[in-house]
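Residues per chain, in single letters:
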Amino acid sequence: MRHRKKILIAVIFICLLSVWFIFFLRMHIAVKEPIEEVYRQGDILKYYGLEITVGDLEVYDFNEFVESYGKPDDMYSDTEKDRYIVVNIHVKNISGQDIRIQNTISTWNMSIDNYTNGQSMDLMTFNQIPISPYEKDAEVDLKLFFRFTDGQTYQGDVEKIKASPIRIYLSYYPELRYIQYH
């Protein structure tokens, strides 16, 4: 009796494992690789009813950033080894209706080589993204601010950051859409 119970448990386990394996294989067959769309400086892209012209990118060390934009909130930025990246874009609402663009652009992430960072919450006061509805047919130049701490990338080497491939991810799936610098 005890031997039959062990065999029954083993059979049930093998059946469950087989069902899981079949679903695992079917999922990987059904899920396709994302379509890759790469944008570069000067390109125009469409994004949730917006037409975005990709501008230039600026890399600053802490002192240069403070000189250009002022000091970030001390609560979040406590090191002079942080590096700041500013992305300039031009945005035009082509949707024919009002849009809250903070709900779209503020979700973008940036990577330098394999080091990833989203927009820094302490720099949101610097971001010039309107919180009020974005009126139809309106146009605005925006600066998006990203901060990398010393441990996130190249130990603070600004020149190495400037020479590295930098990406800003708009979406990951079903289309892998990103802006590529360098």
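To be clear, the structure that these remarks concern was listed above.
This section reports on the structure supplied with the text. (Residues numbered from 1 in each chain as written. Predicted model: local features only at pLDDT ≥ 70, side-chain atom pairs only at ≥ 80, totals over all residues. Heavy atoms only, no water.)

## So, the packing of aromatic side chains
Line of reasoning, step 1. Within the structure shown, the criterion is met by 11 aromatic pairs.
Line of reasoning, step 2. Between Phe 62 and Tyr 84, the ring centres sit 6.3 Å apart and the planes meet at 45°, which makes this aromatic pair tilted. Remark: Tyr 84 occurs in strand S4 (residues 83-93) and Phe 62 occurs in helix H2 (residues 62-69); sequence separation between them is 22 residues. Here the two residues Phe 62 and Tyr 84 agree in accessibility, since each one is buried. (Phe/Tyr/Trp six-rings, centres within 6.5 Å; stacked < 30°, edge-to-face > 60°. Helix = DSSP H or I, 4+ residues; strand = E, 2+ residues; numbered from the N terminus. Buried < 20%, exposed > 50% of the residue type's maximum accessible area, 1.4 Å probe, protein only.)

## A few points about the pattern of salt bridges
Line of reasoning, step 1. Applying the stated criterion to the full structure yields three salt bridges.
Line of reasoning, step 2. Glu 51 is the partner of Lys 46 in a salt bridge, and the nearest nitrogen-oxygen pair spans 3.4 Å.
Line of reasoning, step 3. Classification of Glu 51 as partly exposed rests on a relative accessible area of 22%.
Line of reasoning, step 4. Linking Glu 58 and Lys 143 is a salt bridge whose minimum nitrogen-to-oxygen distance equals 3.8 Å. You can see Glu 58 sitting in strand S3 (residues 50-61) and its partner Lys 143 sitting in strand S7 (residues 139-148), a full 85 residues away along the chain.
Line of reasoning, step 5. The partly exposed category is assigned to Lys 143, whose relative accessible area is 21%. (Salt bridge = Lys/Arg side-chain N within 4 Å of Asp/Glu carboxyl O.)

## Here's the deal with the sheet that holds S3
Line of reasoning, step 1. Read across the open sheet, the four strands follow the order S2-S3-S4-S7; overall the sheet is antiparallel. Single-partner strands in this sheet number two, and they are strand S2 (44-47) and S7. The mean inter-strand angle of the sheet, taken between neighbouring strand axes irrespective of direction, is 35°.
Line of reasoning, step 2. On the sheet, H2 packs against S3, S4 and S7 and is oriented at approximately 125° with respect to S3. (Pairing = 2+ DSSP bridges. Axes fitted to C-alpha atoms, helices over the stretch in contact; angles between N-to-C directions. Contact = heavy atoms within 4.5 Å.)

## Comments concerning helix H1 (residues 2-30)
Line of reasoning, step 1. Between its terminal C-alpha atoms H1 stretches 42 Å, which fits the 42 Å expected from 29 residues at 1.5 Å a residue.
Line of reasoning, step 2. Judged by how many residues are buried, H1 sits mostly at the surface: zero of 29 residues are covered. (Expected span 1.5 Å × (residues − 1).)

## What to know about the pairing of S3
Line of reasoning, step 1. The pairing of S2 with S3 spans four bridges and is antiparallel. Among the inter-strand pairings, Ile 44 is bridged to a residue of S3, identified as Thr 53.
Line of reasoning, step 2. Linking S2 to S3, which pair antiparallel, is a turn of two residues; within it Tyr 48 sits at a positive phi near 50°.
Line of reasoning, step 3. Bridge count between S3 and S4: 10 bridges; the pairing is antiparallel.

## Details of the nonpolar core
Line of reasoning, step 1. Core analysis: the biggest nonpolar cluster contains 27 residues, and Ile 85, Val 87, Ile 89, Trp 108, Met 110 and Ile 179 have the highest contact counts within it.
Line of reasoning, step 2. For this core, the element with the highest residue contribution is S3, accounting for five residues.
Line of reasoning, step 3. Tyr 60, Phe 62, Tyr 84 and Val 86 belong to the second largest nonpolar core, which has six residues in total. (Core = buried A, V, L, I, M, F, W, Y, C linked by side-chain atoms within 4.5 Å.)

## Brief notes about the pairing of strand S9 (residues 175-181)
Line of reasoning, step 1. Among the seven residues of S9, six are classified as buried, and the element is accordingly described as predominantly covered.
Line of reasoning, step 2. Both strand S8 (residues 166-171) and S9 contribute to a ladder of five bridges, which runs antiparallel. The residue of S9 that forms the bridge with Ile 166 is Tyr 181.
Line of reasoning, step 3. Following S8, the chain reverses through three residues before pairing antiparallel with S9.

## Examining the side chain of Glu 58
Line of reasoning, step 1. On the basis of relative accessible area, Glu 58 is assigned to the buried category, the value being 17%.
Line of reasoning, step 2. A distance of 2.4 Å separates polar atoms of two side chains, one belonging to Glu 58 and the other to Tyr 60.
Line of reasoning, step 3. Engagement of the side chain of Glu 58 in a polar contact is seen with the side chain of Asn 88, the distance being 2.9 Å.
Line of reasoning, step 4. Setting aside anything within four residues of it in sequence, one finds Glu 58 in contact with Tyr 69, Tyr 84, Ile 85, Val 86, Asn 88 and Lys 143. (Polar contact = N/O pair within 3.5 Å; in protein donor to acceptor, adjacent residues only side chain to side chain.)

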